[in-house]
Amino acid sequence: MAIQALNINTPYFLALKRISCILLLGLSLSFGLKAQERCATVEYQKMLHPDQSTEETRFENWMKQQKVAPRLRSSSTQGTSAATYVIPVVVHVIHNGEPIGTGTNISDAQIISQINVLNKDYKRLNTDANQTPSAFLPVAGSLDIEFVLAKQDSEGLATDGIRRVQGTRTSWTLAQNAEFKALSYWPAEDYMNIWVINFNDNFIGYAQFPESSLPGLENSSSDRLTDGIVLNYRDIGSIDDGPFDLETEYNKGRTATHEIGHFFGLRHLWGDGTTCGPPGDYVDDTPEQSSSTNGCPSHPQVSCSNNKMFQNYLDYTNDACMNLFTQGQIARMEIVLQNSPRRASLTSSLGSQEPLPASNDLGLRKIINPAITSCGGLVTPLIEVRNYGLNPVTSAKIEFKVNGIVTETKDAVLNLLANEITTVQFAPINLSSPGTSMISFEILQTNGTTDGKASNNPISHTTTVPVITTLPLYEMFDSTPADWIIQNPDQLITWQNVSVLNGEAGNRSMFLNFDVYEEKGVEDRLLTPIINLNGATTALLRFDRAYAQFSSSNFDDALKVIVVENCNADLNQGIEIFNKSGSDLATAPPTSNSYFPNGPSQWIKESISLSSFIGSGNIQVAFIGTNGYGNNLFLDNVYVYSGDLTDVSMAAIVSPSPVVNKNEISPIIKMKNVGSLLITQIKVETKVNGTVVSAKQISSLSVDTGQELNITVDPLVLNDGSNTLQFTLLEPNGVADEAPSNNSLSKTVVVNNSTESIPARQNFNVSFQENWTILSQQSML
């Protein structure tokens, strides 16, 4: 990971305002011109975990109780020993459309070079091992491990372990972690995923710390979809293996060596602190040091009264100066390899082995219908099958079960050559009641005999029939609604129900605690029940939102609203109807505190027409919050209405400013249509210091649902000093507003006609209040 030069607006310094936790693999401050940080694992760890120090202590207490199990070697016919740990690797190259071997679309040779570096470094077969200072030779260690580009994919098909995908951006930030990883991913329990990207955050790599259900790791991220290592495209592979376009400091492949150390549970030598003494990196045979080491210094370098082991792969020196792990570090990595679930399973994955095709091998690829969610009623089950075998498949016997009960055993007639795919349909079933059902299929026979490979014969998933609600839907979130769905991919912080001020006694809302959130870029989703718009003439979605940015934040949290049709669980297939982030999302001024709205003025009501979905049958609305490591987001009063609704709101007082230097002004207000009908006329009532001074009728308007309009009201004459202005919207379309609570806004305006010549100076040694105006922040909103 790379950190920018000393800049309090960088991700690292912003992270210090809160302790969250993604394990980003290294932090040090670089004061050189390049301003690049080697490793982002500590930053990443802070994103994943709200209480990093507690998690670290729990993890280390667990580590102390573990012992490395004896390793059993098996001898081949040639009498050589196989590696104890074999790790299948898949490299996802996220490129920009360049030819292979150019720019971000790095060559196969560069990737193979990196695998070779890893195998040498971890086994201590690196040619520069002889550069280890003599004082450190007694503790230098080797790990009996082999990294192998995957030889078969998750379907058992042959692969070279390299995936090339054109990205949706030319460069990527840490906050977009989940986005680029979703472009290409293999199951993290079976493959070590390495993503190669163009990193524009001044980082060159990071990794996800190992997750485990063992004591001390209960609260680690369980998001398998982001588990792996990220490398910048100019910091992978070694210049010793070819003329690759690599950064001078990081041209021997040690960035991956460093980050995979984190992936297996190692910490930086200095423990990411700034003082001497324990706990440091929790490894006894690495000397204490108080900070990282940059560049390529001469030996010795002294820190904490010790010679620094800056040659260690877990420091920040240039690649050419790194050459060892210690025996203590090796033991620590072995504990993780033997105990952490998605690390231990790598060592038994079939991904590292050549595929062995069998005769009569038909496999189930996926369940198409019923999907993970279903609208219910009569559903026609549909599965996708593939011929993974050596010979054609002409028939199969497939069993279908619902909740463990056999519903149908089908004799399917097929005509599949090797690797061909087709679908098999079953008789309709009734899933009428809301709830969940376990759907499972299994191949019993292929070509009239036992199938050649049992591992791909069964497939199952749970399908959910959501509640279908009647209109109008009005959810005030007095509690977390039981018939709404919360999707929490990383199983960490997500939508929760809290008390919050909005002008109504005892109000509660849904809340995303972005202030102490997990991984940047992760989404948390809140889905309504299923809504049926059939028969509706108009349809409207309304909701209230409140949000403030974190002061000086470089990251923007986001809220988007997606509509999915036909009970589709894949939100990527939905239609986006709202998307705001950062300052566009904000309803209150930035703050360095954890944001909670202080009253109704810090809420905004959104109104969005759903009329285009009428006739689409069942729809579902998803509110998706995306963490940008900024501040807190609130959602309240979700309303889906079918029919005519006349409602306008006072969105803002655009002018005058809080202080003016003249008595006569022409105010401008902003009106928003939050109803379902086109607004063609409106009356604006104006009060000055409690007295009605104007009631202006405005006609010939055309303000559709969700649109805003600036209106210039009648000129006003204000008194010298403080004045209270109140503007109220009345009689939209000549009728009473159906929700008048949002029709008025007030503002304090001070008339100050004092002048000073330039240059002006005020040392505040004498009275100044006659010429100066003092206003609170609240009075300026």
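Residues numbered from 1 in each chain as written. Predicted model: local features only at pLDDT ≥ 70, side-chain atom pairs only at ≥ 80, totals over all residues. Heavy atoms only, no water.

### Quick notes on the sheet that holds strand β37 (residues 682-688)
Spatially, five strands are ordered β34-β42-β41-β37-β38 in an open sheet, and the strand pairing comes out mixed. Each edge of the sheet is formed by a strand with only one pairing partner; in this case those strands are β34 (659-660) and β38 (691-698). (Pairing = 2+ DSSP bridges. Helix = DSSP H or I, 4+ residues; strand = E, 2+ residues; numbered from the N terminus.)

### Concerning the state of the cysteines
All told, the structure shown has three disulfides when counted by the stated rule. Residue C296 pairs covalently with C321 via a disulfide, S to S 1.5 Å. Measuring the twist about the S-S bond at about 50 degrees, one finds the C296-C321 disulfide to be right-handed. Of the two residues, C296 sits in the loop between α6 (254-263) and β8 (302-303) while C321 sits in the loop between β9 (306-307) and β10 (325-326), which places them 25 residues apart along the sequence. A sulfur-sulfur separation of 1.8 Å characterises the disulfide bridge that pairs C375 with C567. Residues C375 and C567 are joined by a disulfide whose S-S torsion is about 105 degrees; by sign, that bridge is right-handed. Taken together, the residues span a long stretch of sequence, with C375 in the loop between β11 (362-369) and β12 (377-379) and C567 in the loop between β28 (558-565) and β29 (575-581) at a distance of 192 residues. (Disulfide = S-S within 2.5 Å.)

### A look at the pattern of salt bridges
Opposite charge on two side chains lets them pair, provided their charged atoms get close. Tallying each qualifying case throughout the model produces 23 salt bridges. With a shortest N-O distance of 2.9 Å, R343 and D227 are connected by a salt bridge. Residue R343 is located in helix α8 (residues 341-344), and its partner D227 is located in the loop between β6 (205-207) and β7 (229-232); the two are separated by 116 residues in the primary sequence. Neither R343 nor D227 differs from the other in exposure class; each is buried. Salt-bridge contacts for E606 lead to R545; the nearest nitrogen and oxygen are separated by 2.7 Å. Here the residue E606 occupies a position in strand β30 (residues 604-609), and R545 occupies one in strand β27 (residues 539-547), the gap between them amounting to 61 residues. Accessibility expressed as a relative area gives 5% for E606, which makes it buried. (Salt bridge = Lys/Arg side-chain N within 4 Å of Asp/Glu carboxyl O. Buried < 20%, exposed > 50% of the residue type's maximum accessible area, 1.4 Å probe, protein only.)

### Description of the confidence of the model for the protein chain
Predicted confidence across the protein chain gives a mean pLDDT of 85, with 84% of residues reaching 70 or more. For residues 1-35, every residue scores under 50 in pLDDT, and the model assigns this stretch 176 contacts once sequence neighbours within four places are set aside. In this model, residues 62-80 is a region of pLDDT below 50 whose contacts with residues beyond four sequence positions or in other chains number 28 contacts. (pLDDT = per-residue confidence, 0-100. Contact = heavy atoms within 4.5 Å.)

### As for the nonpolar core
In this structure, Y122, I145, F147, M192 and F264 are the most contacted members of the largest nonpolar core, which totals 43 residues. Of all the elements in the fold, those that place two or more residues in this core are β1 (85-95), α4 (108-123), β3 (145-149), β5 (192-197), β7, α6 and α7 (327-339). Counting residues per element, this core draws most heavily on β1, which supplies five residues. When near neighbours in sequence (up to four residues on either side) are disregarded, M192 contacts I87, P88, V89, V90, F147, I229, I260, F263 and L346. The next biggest cluster of nonpolar side chains, apart from the first, holds 33 residues, and it includes F514, Y517, A539 and L635. (Core = buried A, V, L, I, M, F, W, Y, C linked by side-chain atoms within 4.5 Å.)

### Considering the pairing of strand β25 (residues 523-527)
Looking at chain direction, strand β22 (residues 485-487) and β25 are connected through three bridges and run antiparallel. Following the sheet pairing, I485 is matched in β25 by L527. Pairing between β25 and strand β31 (residues 618-626): five bridges, direction antiparallel. By the bridge assignment for β31, R525 is matched with I624.

### What about α4?
When the terminal C-alpha atoms of α4 are compared, their 23 Å separation across 16 residues agrees well with the 22 Å that a helix rising 1.5 Å per residue should span. Q110, I111, S113, Q114, I115, V117, L118, N119, D121 and Y122 are the residues of α4 that are buried. Buried residues in α4 make contact with β1, β3, β4 (162-166), α6, β10 and α7. In the segment just after α4, R124 is the residue with positive phi, at about 55 degrees. (Expected span 1.5 Å × (residues − 1).)

### Describing α7
Counted at 1.5 Å a residue, the expected span for α7 with its 13 residues is 18 Å, and the 18 Å between its end C-alpha atoms agrees. Of all the positions in α7, only Q329, I330, R332, M333, E334, I335, V336 and L337 are classed as buried.

### A closer look at the layout of surface pockets
Any empty space left between atoms is shown by rolling a water-sized probe over those atoms. Space inside the second largest pocket adds up to approximately 1400 Å³. Lining the second largest pocket are 43 residues; nearest its centre among them are P600, S601, W603, I604 and M650. Contributions of two or more residues to the lining of the second largest pocket are made by β27, α9 (582-585), β30, β32 (633-642), β33 (648-655), β36 (668-673) and β42 (744-751). Examining the composition of the lining of the second largest pocket, we find that five residues originate from one element, β33, more than from any other. Grouping the constituent residues of the lining of the second largest pocket by class yields 16 nonpolar, 15 polar and 12 charged. (1 Å grid on protein atoms, 1.4 Å probe; cavity = no way out; pocket = protein on both sides within 12 Å on 5 of 7 lines; lining within 4 Å. Points joined across faces, edges and corners; volume = space filled by probe spheres on them. Nonpolar A, V, L, I, M, F, W, Y, C, P; charged D, E, K, R; others polar.)

### Things to note about the packing of α4 against α6
As a packed pair, α4 and α6 sit with axes 9 Å apart at the nearest point and diverge in direction by 60 degrees. Classified by the angle their axes make, α4 and α6 are oblique. The handedness of the crossing between α4 and α6 comes out as right-handed. Along its contact with α4, which presents Q114, V117, L118, D121 and Y122, the element α6 presents R254, A256, T257, I260 and G261. In terms of residue class, the contact of α4 with α6 is made up of five nonpolar, three polar and two charged. (Axes fitted to C-alpha atoms, helices over the stretch in contact; angles between N-to-C directions. Parallel < 35°, antiparallel > 145°, perpendicular 65-115°, else oblique. Left-handed = near helix turned anticlockwise from the far one by under 90°.)

### Overview of the packing of aromatic side chains
Enumeration according to the criterion identifies 24 aromatic pairs in this entry. Measuring from centroid to centroid gives 5.7 Å for F199 and F203, while their planes differ by 75 degrees, and the two rings are edge-to-face. Ring centres of F596 and F634 lie 5.0 Å apart, and the angle between their planes is 65 degrees; on these two criteria the pair is classed as edge-to-face. Placement of F596 in the loop between α9 and β30 and of F634 in strand β32 is noted, with a sequence separation of 38 residues between them. Take F634: its relative accessible area is 0%, and that puts it in the buried class. Through a chain of ring-to-ring contacts, the aromatic side chains of Y122, F147, F263, F264, Y313 and F325 assemble into a single cluster. In this structure, R343 packs its charged tip against the face of F263, placed 3.6 Å from the ring centre. (Phe/Tyr/Trp six-rings, centres within 6.5 Å; stacked < 30°, edge-to-face > 60°. Lys NZ or Arg CZ within 6 Å of the ring centre and 35° of its normal.)

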